[in-house]
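Architecture and fold: a report
What follows is the residue order along each chain.
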Amino acid sequence: MKLWLLRHARVELESGFCYGATDVPANAALTLQAAEAAAALLPPGLPVWVSGLGRAQQLALELSTLRPDLGDPVIDTRLNEMDFGHWELQRWDDIPRAAFDVWMADFAHHRFGGAESTQQLIDRVADALDALRESVPGEAVWVTHAGVIRAAQFVAAHGRGPIGGVAQWPKDAPGTGGHLCLDWSSGAKPPGAHCGP
(Lines give C-alpha, C1' and ligand atoms only; values in the text may rest on other atoms or scores of the structure.)
Protein backbone atom coordinates (compact mmCIF):
# COMPACT_ATOMS: atom_id res chain seq x y z
CA MET A 1 0.00 0.00 0.00
CA LYS A 2 1.15 3.53 -0.80
CA LEU A 3 -0.33 6.57 0.96
CA TRP A 4 0.10 10.02 -0.53
CA LEU A 5 -0.08 12.72 2.15
CA LEU A 6 -0.85 16.21 0.86
CA ARG A 7 -0.60 19.23 3.14
CA HIS A 8 -2.89 22.21 2.64
CA ALA A 9 -1.50 25.49 1.30
CA ARG A 10 -0.42 28.44 3.46
CA VAL A 11 -3.28 29.92 5.44
CA GLU A 12 -4.67 33.44 5.37
CA LEU A 13 -3.30 34.26 8.80
CA GLU A 14 -0.23 36.19 9.86
CA SER A 15 2.65 33.85 10.59
CA GLY A 16 3.44 33.00 14.19
CA PHE A 17 -0.07 32.02 15.28
CA CYS A 18 -1.20 28.65 16.63
CA TYR A 19 -4.15 27.47 14.54
CA GLY A 20 -4.39 23.66 14.78
CA ALA A 21 -8.12 22.94 15.04
CA THR A 22 -9.19 26.46 14.08
CA ASP A 23 -10.83 26.53 10.65
CA VAL A 24 -8.57 29.11 9.02
CA PRO A 25 -8.90 29.37 5.22
CA ALA A 26 -5.92 28.74 2.95
CA ASN A 27 -4.66 31.14 0.32
CA ALA A 28 -6.62 30.42 -2.87
CA ALA A 29 -3.78 31.02 -5.36
CA LEU A 30 -1.35 28.86 -3.38
CA THR A 31 -4.02 26.18 -3.02
CA LEU A 32 -4.37 26.06 -6.80
CA GLN A 33 -0.57 25.79 -7.19
CA ALA A 34 -0.48 22.90 -4.70
CA ALA A 35 -3.35 21.18 -6.50
CA GLU A 36 -1.61 21.54 -9.87
CA ALA A 37 1.59 20.03 -8.45
CA ALA A 38 -0.30 17.11 -6.91
CA ALA A 39 -2.38 16.60 -10.05
CA ALA A 40 0.80 16.17 -12.10
CA LEU A 41 2.19 13.64 -9.61
CA LEU A 42 -0.62 11.34 -8.50
CA PRO A 43 -1.37 8.09 -10.32
CA PRO A 44 -4.85 7.73 -11.87
CA GLY A 45 -8.00 6.74 -10.05
CA LEU A 46 -6.90 6.99 -6.43
CA PRO A 47 -9.46 7.35 -3.60
CA VAL A 48 -9.13 10.62 -1.68
CA TRP A 49 -9.82 11.33 2.00
CA VAL A 50 -9.73 14.84 3.41
CA SER A 51 -9.68 16.50 6.80
CA GLY A 52 -12.85 18.12 8.08
CA LEU A 53 -11.14 21.53 8.10
CA GLY A 54 -11.76 23.94 5.26
CA ARG A 55 -8.14 24.63 4.34
CA ALA A 56 -7.62 20.96 3.48
CA GLN A 57 -10.97 20.72 1.72
CA GLN A 58 -10.00 23.69 -0.49
CA LEU A 59 -7.03 21.67 -1.79
CA ALA A 60 -9.07 18.48 -2.19
CA LEU A 61 -11.73 20.29 -4.22
CA GLU A 62 -9.18 21.98 -6.50
CA LEU A 63 -7.50 18.62 -7.00
CA SER A 64 -10.85 17.00 -7.80
CA THR A 65 -11.51 19.66 -10.45
CA LEU A 66 -8.11 19.14 -12.07
CA ARG A 67 -8.20 15.35 -11.75
CA PRO A 68 -11.81 14.10 -12.09
CA ASP A 69 -10.44 10.56 -12.35
CA LEU A 70 -9.66 10.67 -8.63
CA GLY A 71 -12.40 9.67 -6.25
CA ASP A 72 -14.67 12.33 -4.77
CA PRO A 73 -13.03 13.51 -1.54
CA VAL A 74 -14.43 11.77 1.54
CA ILE A 75 -14.31 13.81 4.76
CA ASP A 76 -12.70 12.06 7.73
CA THR A 77 -12.30 14.20 10.86
CA ARG A 78 -9.59 11.83 12.11
CA LEU A 79 -7.41 13.69 9.60
CA ASN A 80 -7.98 17.06 11.33
CA GLU A 81 -5.00 18.88 12.77
CA MET A 82 -4.26 18.57 16.50
CA ASP A 83 -6.51 20.64 18.75
CA PHE A 84 -4.46 23.06 20.86
CA GLY A 85 -7.42 24.10 23.01
CA HIS A 86 -7.12 27.53 24.61
CA TRP A 87 -3.83 28.18 22.80
CA GLU A 88 -5.65 28.26 19.44
CA LEU A 89 -5.20 31.62 17.65
CA GLN A 90 -2.64 32.74 20.22
CA ARG A 91 0.81 33.80 19.10
CA TRP A 92 3.30 31.00 19.72
CA ASP A 93 5.62 33.60 21.27
CA ASP A 94 2.89 34.59 23.76
CA ILE A 95 2.45 31.06 25.10
CA PRO A 96 4.41 30.83 28.37
CA ARG A 97 7.61 28.79 28.27
CA ALA A 98 6.33 26.90 31.31
CA ALA A 99 3.40 25.57 29.22
CA PHE A 100 5.86 24.09 26.70
CA ASP A 101 8.00 22.65 29.51
CA VAL A 102 5.01 20.78 30.96
CA TRP A 103 4.15 19.42 27.51
CA MET A 104 7.73 18.31 26.80
CA ALA A 105 7.90 16.59 30.21
CA ASP A 106 4.89 14.44 29.28
CA PHE A 107 4.85 14.73 25.50
CA ALA A 108 2.64 11.69 25.01
CA HIS A 109 -0.20 12.45 27.40
CA HIS A 110 -0.21 16.13 28.34
CA ARG A 111 -3.08 17.96 26.64
CA PHE A 112 -1.32 21.08 25.43
CA GLY A 113 -3.97 23.79 25.63
CA GLY A 114 -6.28 21.42 27.48
CA ALA A 115 -7.88 19.74 24.45
CA GLU A 116 -5.83 16.93 22.91
CA SER A 117 -2.59 15.10 23.64
CA THR A 118 0.00 13.96 21.12
CA GLN A 119 -0.89 10.33 21.89
CA GLN A 120 -4.58 11.02 21.21
CA LEU A 121 -3.60 12.45 17.82
CA ILE A 122 -1.45 9.38 17.12
CA ASP A 123 -4.29 7.05 18.15
CA ARG A 124 -6.87 8.63 15.86
CA VAL A 125 -4.44 8.69 12.93
CA ALA A 126 -3.62 5.02 13.62
CA ASP A 127 -7.36 4.24 13.59
CA ALA A 128 -7.69 5.98 10.23
CA LEU A 129 -4.69 4.08 8.85
CA ASP A 130 -6.14 0.76 10.04
CA ALA A 131 -9.47 1.55 8.36
CA LEU A 132 -7.67 2.57 5.18
CA ARG A 133 -5.63 -0.64 5.01
CA GLU A 134 -8.81 -2.69 5.46
CA SER A 135 -10.65 -0.92 2.65
CA VAL A 136 -7.96 0.01 0.11
CA PRO A 137 -5.51 -2.62 -1.16
CA GLY A 138 -3.41 -0.26 -3.28
CA GLU A 139 -2.81 3.48 -3.16
CA ALA A 140 -4.75 6.34 -1.61
CA VAL A 141 -4.50 10.07 -0.90
CA TRP A 142 -4.99 11.98 2.34
CA VAL A 143 -5.34 15.77 2.17
CA THR A 144 -4.45 16.88 5.65
CA HIS A 145 -2.10 18.77 8.00
CA ALA A 146 1.49 18.68 9.27
CA GLY A 147 0.61 17.14 12.64
CA VAL A 148 -1.36 14.32 11.03
CA ILE A 149 1.45 13.67 8.54
CA ARG A 150 3.97 13.45 11.39
CA ALA A 151 1.62 11.14 13.31
CA ALA A 152 1.28 8.90 10.24
CA GLN A 153 5.08 8.75 9.97
CA PHE A 154 5.32 7.84 13.66
CA VAL A 155 2.74 5.06 13.30
CA ALA A 156 4.53 3.74 10.21
CA ALA A 157 7.80 3.51 12.14
CA HIS A 158 6.63 2.63 15.68
CA GLY A 159 3.01 1.48 15.56
CA ARG A 160 0.63 3.12 18.01
CA GLY A 161 3.33 3.76 20.55
CA PRO A 162 2.97 5.14 23.13
CA ILE A 163 5.39 7.77 21.99
CA GLY A 164 8.33 7.90 24.37
CA GLY A 165 8.99 11.61 24.10
CA VAL A 166 9.48 14.50 21.74
CA ALA A 167 12.69 12.92 20.39
CA GLN A 168 10.54 10.23 18.71
CA TRP A 169 8.26 12.77 17.02
CA PRO A 170 9.12 13.00 13.31
CA LYS A 171 10.89 16.26 12.54
CA ASP A 172 10.19 16.31 8.81
CA ALA A 173 6.84 17.22 7.34
CA PRO A 174 6.22 18.76 3.94
CA GLY A 175 5.88 22.50 3.81
CA THR A 176 2.48 24.00 3.17
CA GLY A 177 1.25 22.84 -0.21
CA GLY A 178 3.77 19.99 -0.24
CA HIS A 179 3.47 16.22 -0.11
CA LEU A 180 4.97 13.08 1.39
CA CYS A 181 4.47 9.47 0.41
CA LEU A 182 4.55 6.43 2.70
CA ASP A 183 5.06 3.10 0.96
CA TRP A 184 4.23 -0.24 2.58
CA SER A 185 4.46 -2.17 -0.71
CA SER A 186 7.89 -3.66 0.04
CA GLY A 187 6.62 -5.16 3.29
CA ALA A 188 9.05 -3.02 5.28
CA LYS A 189 8.04 -0.12 7.47
CA PRO A 190 8.16 3.02 5.33
CA PRO A 191 10.96 5.48 5.95
CA GLY A 192 8.74 8.52 5.40
CA ALA A 193 10.79 9.81 2.50
CA HIS A 194 9.40 11.52 -0.57
CA CYS A 195 8.65 9.10 -3.37
CA GLY A 196 7.48 9.26 -6.94
CA PRO A 197 4.43 7.70 -8.60
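Above this note sits the structure.
The following refers to the structure shown. Residue positions are given per chain, counting from 1 as you read along its sequence in written order. With pLDDT at 70 or above as the cut-off, local features in this predicted model cover only qualifying residues; side-chain atom pairs require 80 or more to be listed or tallied, and sums for whole chains, interfaces and linings still use all residues. Processing note: side-chain calculations cover all non-hydrogen atoms of the structure and skip hydrogens and water entirely.

**Observations concerning the nonpolar core**
Ranked by internal contacts, the top residues of the largest apolar core, which has 38 residues, are L3, L5, F112, V125, L129, L132 and W142. At the level of secondary structure, the elements contributing two or more residues to this core comprise β1 (2-7), α3 (97-105), α4 (118-135), β4 (139-144), α5 (146-158) and β5 (179-183). In this view, V125 contacts R78, W142, V148, A151 and A152; residues no more than four positions away in its chain are not counted. Definition of nonpolar core: a set of buried residues of the types Ala, Val, Leu, Ile, Met, Phe, Trp, Tyr and Cys, connected through side-chain atoms within 4.5 Å. Exposure categories follow from relative accessible area, calculated using a 1.4 Å probe and restricted to protein chains: below 20% of the type maximum is buried, above 50% is exposed, and the middle band is partly exposed. Where helices and strands are cited, they refer to DSSP runs of H or I of at least four residues and of E of at least two residues respectively, numbered from the N terminus. The criterion used for residue contact is that any of the two residues' heavy atoms lie within 4.5 Å.

**Structural notes on helix α1 (residues 28-41)**
A helix's residues, less one, multiplied by 1.5 Å, set its expected span. Spanning 14 residues, α1 covers 20 Å between terminal C-alpha atoms, matching the ideal 20 Å at 1.5 Å per step. Residues T31, A34, A35, A38 and A39 constitute the buried set of α1. An end-on view of α1 places all buried positions within 135 degrees of arc, on one side of the element. Exposed residues pointing more than 90 degrees away from the buried face of α1 are listed as Q33 and A40. In this description, the arc belongs to the directions extending from the helix axis to the C-beta atoms.

**A look at the sheet that holds β4**
Pairing between strands requires that DSSP locate at least two bridges from one strand to the other. Overall, mixed pairing links the five strands, which are arranged β3-β2-β4-β1-β5 in an open sheet. Of all strands in the sheet, those with a lone pairing partner are β3 (74-75) and β5, marking the two edges. Pairing of strand β2 (residues 48-50) with β3 involves two bridges; the strand directions are parallel. Directly across from V50, in β3, lies its bridge partner I75.

**Quick word on α5**
With 13 residues, α5 should cover 18 Å at 1.5 Å per step; its first-to-last C-alpha distance of 18 Å lies within 8% of that length. Summarising burial for α5: ten of the 13 residues are buried, a large majority. Turning to α5, its buried residues number three or more, namely A146, G147, V148, I149, A151, A152, Q153, F154, V155 and A156. Buried residues along α5 sit against β1, α4, β4 and β5. Following α5 by one or two positions, G159 has its phi on the positive side, about 75 degrees.

**Observations concerning the pattern of salt bridges**
Here a salt bridge means any side-chain nitrogen of Lys or Arg lying within 4 Å of a carboxyl oxygen belonging to Asp or Glu. Summed over all chains, the structure comprises eight salt bridges. Among the ionic pairs, R97 bridges to D101, the shortest N-O distance being 3.1 Å. Taken together, the residues span about one helical turn, with R97 and D101 both in helix α3 at a distance of four residues. Classification of R97 by relative accessible area gives exposed; the value is 60%. On the accessibility criterion, D101 (40% relative accessible area) is partly exposed.

**Comments concerning the packing of α1 against helix α2 (residues 54-66)**
Running from N to C, α1 and α2 point in directions that differ by 50 degrees, and their axes come no closer than 9 Å. When the axis of α1 is compared with that of α2, the two are oblique. Handedness of the crossing formed by α1 with α2: right-handed. Of the residues in α2, those touching α1 at T31, L32, A34, A35, E36, A38 and A39 are Q58, L59, E62, L63 and L66. Helix axes are fitted to C-alpha atoms over the stretch in contact, other axes to C-alpha atoms as well, and angles between N-to-C directions run from 0 to 180 degrees. Comment on the angle field: the value is read as roughly parallel under 35 degrees, roughly antiparallel over 145, roughly perpendicular from 65 to 115, and oblique elsewhere. Note on convention: the crossing is left-handed when the near helix lies turned anticlockwise from the far helix by less than a right angle, right-handed when the turn is clockwise.

**A closer look at the pairing of β1**
For β1, a buried count of six out of six residues is recorded, marking the element as mostly surrounded by other parts of the structure. In β1, alternate side chains face the same way, and those of K2, W4 and L6 on one face and L3, L5 and R7 on the other are all buried. As paired strands, β1 and β5 are joined by five bridges and run antiparallel to one another. Paired with L5 across the strands is L180, a residue of β5.

**Notes on the environment of S51**
Within the secondary structure layout, S51 lies in the loop between β2 and α2. Separated by 93 residues in the primary sequence, S51 and T144 place their C-alpha atoms 5.4 Å from one another. With near-sequence residues (within four places) excluded, S51 lies in contact with A56, Q57, I75, D76, L79, N80, V143, T144 and H145. Any pair of nitrogen or oxygen atoms within 3.5 Å is treated as a polar contact; in protein, a donor-acceptor pairing is required on top of that, and neighbouring residues in sequence qualify only through side-chain atoms on both sides. There is a polar contact of 2.8 Å between the side chain of S51 and the side chain of H145.

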